Amino acid sequence: MRNLAILLTVAACSVISFAGNAQIKTGKLNGIIKDVTGKTVSNATVTLLTAKDSSMVKVGVAGKDGRYGFENIAYGRYLVSVTATEHAKNFSPVFEISEGTPDISLKTIEMATRVKSLNAVTVTAKRPLIEQKIDRTIVNVEASITNTGTNALEVLEKSPGISVDKDGNISLKGKDGVIVLVDGRQTYLSGPDLANYLRNLNASQMDQIEIMTNPPAKYDASGNSGIINIKTKKIRQLGYNGSINFGYGQGRYPKFNEGLNLNYRKNKLNLFTNLSHNYSHNFNTLSIQRNFRHKETKDLLSHFDQEARNENISKNYNAKLGLDYFARKNTTLGIVFNGFLNDRNGNNRNLTDISDASGNLASQTRATLNNTQEWKNFSTNFNLRQVLDTLGSELTADLDYSQYSSENNPVMINSYFDQNGISTYQPDTLLGALPQNIKIYSGRIDYIKSLKKGARFEAGLKSSYVKTDNDAAYDSVLNGQLVHDFNRSNYFIYEENINAGYVNLNQPIDKKWGAQLGLRLENTNAKGYQVTTGEQFNRHYTQLFPTAYLQYQHDKKNTYVLNYGRRIRRPDYQSLNPFINFIDRYTYSKGNPNLKPQFSHNIEVSHSYQSFLTTTLNYSRTTDIIQNVLEQNEAKNETFVRKANIANQRQFGISFNTNVPVAKWWRSNVYVNAFNSKFEGIVNDTFVTISATTLTLNGSQQFNFAKTWSAEISGFFRTGGIEGVIRARPMGMMSLGVSKQVMKNKGTLRLNIRDVFYTQRFRGVSKYGNVDAAFQERGDSRVVNINFAYRFSKGKINGTPKRRAGSASEEQNRVGG
């Protein structure tokens, strides 16, 4: 009723104003709204009031550049009131529109951040699960009940446009080579190590996920398909505040996690910490059927039926400690320490039946692989932020240092039997000691200058240096004696220096058109030294990476965006290392020091209709694409996996993202993406063409009932498609969850079931040249989780400047496994 009254009042005022235009002389006014730091405040509600009794004359909304205006205003004395989310209400001085001053330009209205006491009240903001911005899609992690008890990789898996394959590799809209950032800083991990890190990052630590398919020039050009930025929880508040959570999950094996977020601010100091522990007991079953064929005639030589059962226990500890010092009003200094320790013990039992061409069992190999792994990381970031003027110009700087060390100690025993189960050979034992050390130094400086009419200029420089040291030593046990295996051992050192600079200009053309142009230059210097053999390589190249962005706002409901970007994907550090990693005697992976970077051109056109529907058309062309390929040695019945620049890829697609309030108690979020991918290239001396059209669907249905209860149904589904040279079959899963607010809304109790119908399993085939293989894999994906989170605070909300992200960008995803 109140909203109806306001609407009728506004309509009446508009009618009266329109009718009086023919008889009353009128004028107009304009102005701009900014916060106390000089940044524009968009979407503020602006109300024109009479000076006599503050009665409402007109209402409007400020644009994205903070500007507003009114026309056809009758001569008289007025003032303007402004309200905006998270800001205190403010008024303009009284002004007069008259014969002498028919056009008024008001002074800038500054909006102070609203201060609320939290001593007695806990404020819980309800955010939508999916937010669609012009340049990115945002996922609010806590808005989904079924994220409770899960890890970062599982949250990503059901996010719009994101897919995770059987090995934990992440792709975006069907394209791999995604760069994953945490709070704007990369993890320096890739491949299995990145997947393992994300599996041990609790969803309870995550605040938002930002998905950018075509990032601007400020970001590193690395990342074939874009950037995913995981933002962890931070609360800006005077006094102290924080949260604590406990979770337990039960699949086939138990899992549990605990976490603490704490922030304290007083005067010029702000201290924050984030601590977490995660225990996970999992299993994984991998079945492979391989046909070994003659390379020339393609006649069947033998058939392998292989099943590997893996059980592993992982214990992960994460810690973050930081300090912000507000030296002056416009100067902030900060330092952040991060670290993690991950212990993982795995036991893999492998059974391989070897049959002849007629299908008769010829022999059997039984293998056990016990592996103890330990990953350690310490990193630190020092940052500076200097606000230069009241318009929002600023200078920022970051210095980063990060060190990773790992120990990997596999013990593999192979036993051999004939078709009757009688031992035929003496078992052999292979022992490995695979230490890895990585040191990364990085620094950057960024400058932002706010110009007239809402324009903004950005420029920056960055330099990084990376050194990896990998000494893989294998020993065999022969007749009870330990013998060094020179053929499998390898010592590899890799060094890389990247220097970069960029410029970016964002310029509103008029009220409807806006443009952004950027150019980034990156100079790469890399060298690898294989100490064992004396082989080495040196590579030097400089590349330009342009970005362009054009926006057209047809009206308040419809916005169109066109963007283009060129990107690069450099090989992971470990992908260049030619050492061998065994699954069993017949199956292993190895690196490739001859890998080159891949380059892609990406174009997108999108249309947004209010906050309801976003439609995107995309096209990309990638050269020298880096993919896993299978290669075989028929003489030894061996299959190995290695990365290679196998082909060029062309992809085009269309996606729809909807956010629909079906009813007051029901909100629907649905993301649909259809794309066609085509690979063309030479693999194992054979020209290979593989193409497929894939449909992916991510969705959630959220329900609110009573005042403190909510529920959710969510899941994803992918039709068959291609993952490199593997043609994958359909896969999907569904989850259910329910949530209850307790303890005066300070606590939240959540229960969910992930993968209710146990359908999340991978199946695929690979057939090209003399390779003929099928794969099936599944893990402990059906899990019941229960979680309790408690929030505490004492103080006042404060407009603390945004915490800086570090300079580590492109390097963080490339520590290979």
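You'll find the structure just up there.
Let me sum up the structure you'll find in this document.

Conventions and cut-offs
Residues numbered from 1 in each chain as written. Predicted model: local features only at pLDDT ≥ 70, side-chain atom pairs only at ≥ 80, totals over all residues. Heavy atoms only, no water. 1 Å grid on protein atoms, 1.4 Å probe; cavity = no way out; pocket = protein on both sides within 12 Å on 5 of 7 lines; lining within 4 Å. Points joined across faces, edges and corners; volume = space filled by probe spheres on them. Helix = DSSP H or I, 4+ residues; strand = E, 2+ residues; numbered from the N terminus. Nonpolar A, V, L, I, M, F, W, Y, C, P; charged D, E, K, R; others polar. Patch = residues over 30% accessible without salt bridge, like charges linked within 9 Å, V, L, I, M, F, W, Y side chains within 5 Å. Areas by Shrake-Rupley, 256 points an atom, 1.4 Å probe, with all protein chains shown as cover. Salt bridge = Lys/Arg side-chain N within 4 Å of Asp/Glu carboxyl O. Core = buried A, V, L, I, M, F, W, Y, C linked by side-chain atoms within 4.5 Å. Buried < 20%, exposed > 50% of the residue type's maximum accessible area, 1.4 Å probe, protein only. Contact = heavy atoms within 4.5 Å. Phe/Tyr/Trp six-rings, centres within 6.5 Å; stacked < 30°, edge-to-face > 60°. Pairing = 2+ DSSP bridges.

Here's the deal with the layout of surface pockets
A volume near 420 Å³ is recorded for the second largest pocket. Lining the second largest pocket are 18 residues, with Asp485, Arg488, Phe582, Arg585 and Glu638 positioned closest to its centre. Those elements that provide at least two residues to the lining of the second largest pocket are strand S24 (394-418), strand S25 (423-433), strand S27 (456-478) and strand S33 (580-584). For the lining of the second largest pocket, the per-class residue count stands at seven nonpolar, five polar and six charged.

A few points about a nonpolar patch on the surface
A surface patch of nonpolar side chains, amounting to about 790 Å² of accessible area, comprises Ile509, Trp513, Leu550, Leu562, Ile603, Val605, Leu617, Tyr619 and Phe652. Elements supplying a minimum of two residues to the nonpolar patch: strand S35 (598-609) and strand S36 (613-633).

Some details on the nonpolar core
With 41 residues, the main nonpolar core has Leu156, Ile170, Leu198, Ile209 and Ile230 as its most contacted residues. When residues no more than four places from it in sequence are discounted, the contact partners of Leu156 are Ile162, Ile170, Leu198, Ile209, Ile228 and Ile230. One finds Ala644, Ile646, Ile726 and Ala773 within the second-largest nonpolar core, a separate group that totals 22 residues.

Details of the packing of aromatic side chains
By the definition in use, this model includes 22 aromatic pairs. Both rings, one in Trp375 and one in Tyr404, keep their centres 5.9 Å apart while their planes meet at 85 degrees; by these two values the pair is edge-to-face. With Trp375 in strand S23 (residues 361-387) and Tyr404 in strand S24, the pair connects residues that are 29 residues apart, well separated along the chain. Across the pair, exposure class does not vary: Trp375 and Tyr404 are buried alike. Feature note: the residues Phe292, Phe304 and Tyr586 constitute an aromatic cluster, connected by ring pairs.

Remarks on the side chain of Asn602
Structurally, Asn602 is set in strand S35. What Asn602 contacts, discounting residues up to four positions off in sequence, is Lys175, Asn214, Asn224, Asn563, Tyr564, Gly565, Arg567, Tyr619 and Ser620.

What about the pattern of salt bridges?
Under the counting rule described, the total for this entry stands at 19 salt bridges. Among the salt bridges present, the one from Glu394 reaches Arg385, with a minimum N-O distance of 3.0 Å. The exposure class of Glu394 is buried, given its relative accessible area of 11%. On the basis of relative accessibility, which here comes to 12%, the residue Arg385 falls in the buried class. Each of Asp220, Lys462, Arg520, Glu522 and Arg570 takes part in one network of salt bridges that share partners.

Regarding the pairing of strand S40 (residues 709-718)
Counting buried positions along S40 gives seven out of 10 residues, so the element sits mostly inside the fold. In terms of strand pairing, strand S39 (residues 686-705) meets S40 through 10 bridges, oriented antiparallel. Counterpart to Leu697 in the pairing with S40 is Phe717. Between the antiparallel neighbours S39 and S40 lie three residues, among them Ala706 with a positive phi of about 60 degrees.

Section: the side chain of Thr429
The topology assignment puts Thr429 in strand S25. On the accessibility criterion, Thr429 (18% relative accessible area) is buried.

Function-wise, these values are silent; they only describe arrangement.
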